[in-house]
Amino acid sequence: MSSRQHDDNSPSERPLTGRTSPPARSPGGLRVIEGGGQRRQDEPLVSRDAVARVLMEAGVDLLLRRITPARAAEIERRVDRVLDLFDRVDAAPLLMPVLQRHLDELEVLMRETRQVRAPARRGG
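Residues numbered from 1 in each chain as written. Predicted model: local features only at pLDDT ≥ 70, side-chain atom pairs only at ≥ 80, totals over all residues. Heavy atoms only, no water.

## Description of unusual backbone geometry
Part 1 of the reasoning: Unusually for a residue other than glycine, Arg65 sits at a positive phi of about 60 degrees.
Part 2 of the reasoning: Secondary-structure assignment places Arg65 in the loop between helix H1 (48-63) and helix H2 (69-91). (Helix = DSSP H or I, 4+ residues; strand = E, 2+ residues; numbered from the N terminus.)

## A closer look at the pattern of salt bridges
Part 1 of the reasoning: The final tally for this structure, using the stated rule, is nine salt bridges.
Part 2 of the reasoning: Salt-bridge contacts for Asp61 lead to Arg66; the nearest nitrogen and oxygen are separated by 2.7 Å.
Part 3 of the reasoning: Residue Asp61 is classed as buried on the basis of its relative accessible area, which comes to 1%.
Part 4 of the reasoning: The salt bridge partner of Asp84 is Arg81, with a shortest N-O separation of 3.7 Å. With Asp84 and Arg81 both in helix H2, this residue pair falls three residues apart, about one helical turn.
Part 5 of the reasoning: Among the residues examined, Arg81 registers a relative accessible area of 32% and is labelled partly exposed.
Part 6 of the reasoning: Through salt bridges with shared partners, one network takes in Arg48, Asp87 and Asp90. (Salt bridge = Lys/Arg side-chain N within 4 Å of Asp/Glu carboxyl O. Buried < 20%, exposed > 50% of the residue type's maximum accessible area, 1.4 Å probe, protein only.)

## Quick notes on the side chain of Thr113
Part 1 of the reasoning: Locating Thr113 in the fold gives a position in helix H3 (residues 96-123).
Part 2 of the reasoning: The buried category is assigned to Thr113, whose relative accessible area is 1%.
Part 3 of the reasoning: Engagement of the side chain of Thr113 in a polar contact is seen with the backbone oxygen of Leu109, the distance being 2.8 Å.
Part 4 of the reasoning: The residues contacting Thr113, other than those within four sequence positions of it, are Asp61, Ile67, Arg71 and Ile75. (Polar contact = N/O pair within 3.5 Å; in protein donor to acceptor, adjacent residues only side chain to side chain. Contact = heavy atoms within 4.5 Å.)

## Quick notes on the nonpolar core
Part 1 of the reasoning: Counting 18 residues, the largest nonpolar core has Val51, Ile75 and Leu106 as its most contacted members.
Part 2 of the reasoning: Per element, the largest residue contribution to this core is seven residues, and it comes from H2. (Core = buried A, V, L, I, M, F, W, Y, C linked by side-chain atoms within 4.5 Å.)

## Some points on the packing of H1 against H2
Part 1 of the reasoning: The N-to-C vectors of H1 and H2 enclose an angle of 165 degrees; their axes lie 10 Å apart at closest approach. The angle between H1 and H2 falls in the class roughly antiparallel. Judged by the sense of rotation from one axis to the other, the crossing of H1 with H2 is left-handed. When H1 is examined against H2, the residues Arg48, Val51, Val54, Leu55, Ala58 and Leu62 are found in contact with a partner set consisting of Pro69, Ala72, Ile75, Glu76, Val79, Val82, Leu83, Phe86, Asp87 and Asp90.
Part 2 of the reasoning: Broken down by class, the residue content of the contact of H1 with H2 amounts to twelve nonpolar, no polar and four charged. (Axes fitted to C-alpha atoms, helices over the stretch in contact; angles between N-to-C directions. Parallel < 35°, antiparallel > 145°, perpendicular 65-115°, else oblique. Left-handed = near helix turned anticlockwise from the far one by under 90°. Nonpolar A, V, L, I, M, F, W, Y, C, P; charged D, E, K, R; others polar.)

And the structure:
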């Protein structure tokens with residue numbers, strides 16, 4: 001066996017272009033997304049992605065026990081309905097006012113949810 005150990009970061013194996021290679025995936029297939037731990041401002045619900053983030057936010061709040069299971073279930077139900085309406089509007093644009101009404105209702109629910117959980121977040 002050689003006394004020299006293999007080093008994955010040895011200078012001879014780095015790309016000469018000066019660019020770094022993308023970070024390796026962890027064994028579980030997850031990767032870290034750089035964000036600095038900053039909470040996003042509450043964004044308007046104008047896209048499927050924004051609505052999906054609402055569902056993730058509710059999931060986190062439920063896991064951290066900042067909201068009740070009943071509230072999380074209601075958010076999930078409304079998100080499912082809105083995502084279904086997004087798909088239906090693609091095929092029938094006349095449904096846009098219905099989608100907008102449901103988006104507005106979901107925004108109101110999320111605003112209330114954020115107010116409910118705010119005291120627990122400040123308390124520490």
